[in-house]
Amino acid sequence: MIVLGFVLPVDLLKSASVAYIHYLSFMICFGALIYERISLKVNPSRKEAISMVVADIIYGIAGIALLISGIYRVIKFGQGSEFYTQNPIFWTKIVVFALVGSLSLYPTITYVLWAIPLSKGNLPEVTGNLVSRLRLIINVELVGFASIPFLATLMARGVGLS
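Residues numbered from 1 in each chain as written. Predicted model: local features only at pLDDT ≥ 70, side-chain atom pairs only at ≥ 80, totals over all residues. Heavy atoms only, no water.

Going by an unreviewed UniProt entry, the protein carries the name DUF2214 domain-containing protein and comes from Prochlorococcus marinus.

> Hey, could you run me through the UniProt feature "transmembrane region" (unreviewed entry) in the protein in this one?
Mapped onto this numbering, the UniProt entry gives "transmembrane region" (unreviewed entry) at residues 20-38, 50-74, 94-116 and 136-156. Annotated as residues 20-38, this span is 100% helix and 0% strand, and its ends, taken at the C-alpha atoms, are 27 Å apart. Within residues 136-156, the helical portion is 100% and the strand portion 0%, while the C-alpha atoms at the span's ends are 31 Å from each other. (UniProt positions renumbered as here; feature names shortened; annotations may be inferred. Helix = DSSP H or I, 4+ residues; strand = E, 2+ residues; numbered from the N terminus.)

> Help me out: how do you make sense of the environment of A152 in this one?
Tracing the backbone shows A152 in helix α6 (residues 128-156). Considering only alpha carbons, one finds A152 and I89, 63 residues apart in sequence, at a separation of 7.8 Å.

> What should I look at first to understand the environment of A49 in this one?
Here A49 lies in helix α2 (residues 46-77). Using a relative accessible area of 0% as the deciding quantity, one classes A49 as buried. Residues contacting A49, with those up to four places away along its chain left out, are P44, W114, L118 and P124. (Buried < 20%, exposed > 50% of the residue type's maximum accessible area, 1.4 Å probe, protein only. Contact = heavy atoms within 4.5 Å.)

> Would you mind showing me how to read the side chain of S25 here?
Residue position: S25 is located in helix α1 (residues 10-39). Every residue in contact with S25, bar those within four places of it in the chain, is listed here: A62, A65 and L66.

> Whenever I open this one, a nonpolar patch on the surface confuses me. Can you help?
There is a patch of nonpolar side chains on the surface, built from Y20, I21, Y23, L24, M27, I28, I50, V54 and I58 and spanning about 810 Å² of accessible area. Considering every element that reaches the nonpolar patch, the biggest residue donor is α1, with six residues. (Patch = residues over 30% accessible without salt bridge, like charges linked within 9 Å, V, L, I, M, F, W, Y side chains within 5 Å. Areas by Shrake-Rupley, 256 points an atom, 1.4 Å probe, with all protein chains shown as cover. Salt bridge = Lys/Arg side-chain N within 4 Å of Asp/Glu carboxyl O.)

> Looking at this model, I keep getting lost on the nonpolar core. Mind explaining?
Generally speaking, a soluble globular protein has its nonpolar side chains buried in company with each other. Residues L40, Y59, Y111, W114 and F145 are the most contacted members of the largest nonpolar core, which totals 31 residues. Residue assignment for this core shows that the elements contributing at least two residues are α1, α2, α3 (81-85), α4 (88-103), α5 (105-119) and α6. For this core, the leading source of residues is α6, giving nine residues. Each residue touching W114, except ones within four places of it in the same chain, is listed here: L40, A49, M52, V53, P124, V126 and L130. (Core = buried A, V, L, I, M, F, W, Y, C linked by side-chain atoms within 4.5 Å.)

> Whenever I open this one, α5 confuses me. Can you help?
Think of an α-helix as turning once every 3.6 residues; residues three or four places apart then point the same way. When the terminal C-alpha atoms of α5 are compared, their 21 Å separation across 15 residues agrees well with the 21 Å that a helix rising 1.5 Å per residue should span. For α5, the set of buried residues is P107, T110, Y111, W114, P117 and L118. Viewed end-on, α5 has its buried residues packed into an arc of 110°, placing them on one side of the element. Counted as exposed and oriented over 90 degrees from the buried face of α5: L105, I109, V112, L113 and S119. At the C-terminal side of α5, G121 shows a positive phi close to 85°. (Expected span 1.5 Å × (residues − 1). Arc of directions from axis to C-beta.)

Next up, the structure:
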């Protein structure tokens, strides 16, 4: 296949595309979390509350794309599944991703509950305690997400393999 004047094997293009989706999904997840963290406030306006719900939907979709593209990279396009599954750094990265994903359930449920009054033309009740709780959870998610590329770079260099 010819791309931008370069002849690229189809397998290389598929592999690069899956890697690109993986990296882009990660950046979108991180960006959506940053947006949520910055936008959180007591008693948001209708527009602000809706934007938080939308940001969380984007975060969720990007998280699913990140997971699926990651699975494809391990199974089909990466260094071979044994390279990953034999490495404790890989499993640490997976655990961090799972913890971040699990932590995101509370904000997601909160935003889903916001959608109920919003759909009826009302504003959700957002207290200072709720904002503090959500900020703490999102801060922990951001730290977890920020550690994943570091773990990936260690893993890519064979750290953790015997």
